[in-house]
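# Residue-level structure breakdown
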Amino acid sequence: MPQSTTTNRRFVLAERPRGEPDERTLRLETGALPEPSEGQMLLRTVFLSLDPYMRGRMSDAPSYAAPVEIGQTMVGGTVSRVVDSKLDGFSKGDWVVGFTGWQDYALSDGKGITSLGANPSHPSWALGVTGMPGFTAWSGLNEIGKPKAGETLVVAGATGPVGATVGQIGKILGLRVVGIAGGREKCAHAVDTLGFDACIDYKADGFAEDLKRATPKGIDIYFENVGGAVFDAVAPLLNTGARIPLCGLIAQYNATGLPEGPDRLGWLMGMFLKKRITVRGFIVFDDFGHLYPDFAKEMGGWVEAGKIQYREEMIDGLEEAPRAFIGLLRGEAFGKRVIRVGPDD
């Protein structure tokens, strides 16, 4: 069903998933097109970002952000065009990036909205390399990883929008970069296109030994996106003074309880103490939002100069978003997964 000029489609949270989301988690609703009042503008979604953090918003467990309420529009980053504006500073036809969710249209008073101007060259990239994922990579590596030339950086989720950018920044800064990804095709992309020194397939037999061979001097920085068995292989290889920017734990997002096996918390805390390892979780705009102008300038220069490669996986149709999101959590995405909701003209 294509985007309409007279009605608004939106996905709302129908029920809280236990484990992996399924076809019952989100419900598609259709309603009237909203009309802007004075001080508002009407935005039409062109691109919708799909990101792992959305799984956490489906849960009502305590977290860094409020959960989506039952019956509420599912949250998500969007790139939109201004349909009608009664708000100073925004004109009909402008491109904007914001957080207007899984729907065709949204009203906005301009808060949390950034203008991309009338003719951005790659508007959807504002949801990826030049947006939140890119900023997450840049700030986490620089502010927590504290990279020094010659060190070894290991990146989980190496071909995702964050991991791919982390690794490429690491190469620019003179690090040895080893990626971890699922499958030979993704690992080949990390080495041949992104310029990583090596990439290890976590799905292959002998993963832990392969990672050890690829990091003969140990690991100085581990950019964590995954957790689970990947971290189990990384942990013994961490050097004294290693730094771990903790961005995400996608392996645990659908978990309904603690993992089976012995309690290793004491061992883990002991290792952190003995090796003086820094582990810091971060929420990018909460912790580093003041650095966004610096990021935008530096990343914009790298992209313009061709120093950063970017892979985007575009999927057509708002109705495809739930299925594509479930696949994202299963590790099926290759690059930044974006939904094309409507036409760009």
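For the structure given in this document, a descriptive report is provided here. The written sequence of each chain sets the order in which its residues are numbered from 1. A pLDDT threshold of at least 70 governs which residues receive local features in this predicted model, and a stricter bar of 80 or more applies before side-chain atom pairs are shown or counted, although totals over entire chains, interfaces and linings include all residues. Side-chain measures here rest on the full set of heavy atoms in the structure, leaving out hydrogens and waters.

### Section: the pattern of salt bridges
Put simply, the rule reads: Think of a salt bridge as a Lys or Arg side-chain nitrogen and an Asp or Glu carboxyl oxygen that are within 4 Å of each other.
Counted under the stated rule, the structure contains 17 salt bridges. As a salt-bridge pair, Arg-24 and Glu-23 come within 3.7 Å of each other at their nearest N and O atoms.

### Quick word on the nonpolar core
Here is the rule we go by: Throughout, nonpolar core names a set of buried Ala, Val, Leu, Ile, Met, Phe, Trp, Tyr and Cys residues whose side chains join them through atoms within 4.5 Å. Type-normalised accessible area, obtained with a 1.4 Å probe on protein chains alone, sets the label of each residue: buried when under 20%, exposed when over 50%, and partly exposed for intermediate values. Secondary structure elements are taken from DSSP: a helix is a run of H or I of four residues or more, a strand is a run of E of two residues or more, and numbering for both begins at the N terminus. Every residue pair with non-hydrogen atoms within 4.5 Å of one another is taken to be in contact.
Ranked by internal contacts, the top residues of the largest apolar core, which has 32 residues, are Phe-135, Trp-138, Leu-153, Val-166, Ile-169, Phe-223 and Met-299. Mapped onto this core, the elements with two or more residues apiece are helix H2 (132-145), strand S8 (152-156), helix H3 (161-172), strand S9 (176-181), helix H4 (184-192), strand S11 (219-223), helix H8 (284-288) and helix H9 (292-304). At five residues, the largest contribution of residues to this core is made by H2. Setting aside residues up to four positions removed in sequence, Met-299 forms contacts with Val-129, Thr-130, Gly-134, Thr-165, Ile-169 and Ile-308. Ranked by size, the runner-up nonpolar core spans 24 residues in total, among them Val-178, Ile-200, Ile-219 and Ala-242.

### Here's the deal with the environment of Thr-240
Considering the arrangement of structural elements, one finds Thr-240 in strand S12 (residues 238-246). Each C-alpha atom, one on Thr-240 and one on Asp-220, is 7.8 Å from the other, the two residues being 20 residues apart in sequence. Beyond its immediate stretch of four places on either side in the chain, Thr-240 contacts Lys-275 and Arg-276.

### Points about the sheet that holds strand S10 (residues 198-201)
The condition that has to hold: Any two strands with at least two DSSP bridges between them are considered paired. A fitted line through C-alpha atoms serves as each axis, taken over the contacting stretch for helices, and the angle formed by two N-to-C directions is quoted from 0 to 180°.
Reading across the sheet, the six strands line up as S10-S9-S8-S11-S12-S13 and stay open at both edges, with parallel pairing between neighbours. Both outer strands of the open sheet, S10 and strand S13 (278-281), are each paired with one neighbouring strand and no more. Taking each pair of neighbouring strands and ignoring which way they run, the sheet shows an average axis angle of 15°. With four bridges joining them, S9 and S10 adopt parallel strand pairing.

### Focus on helix H5 (residues 207-214)
Convention followed: It is the directions from the helix axis to the C-beta atoms whose arc is reported.
Those residues of H5 that sit buried are Phe-207, Leu-211 and Ala-214. Seen along its axis, H5 keeps its buried residues to an arc of 65°; they face one direction. Of the surrounding elements, those touching the buried residues of H5 are S9, S10 and helix H6 (228-234).

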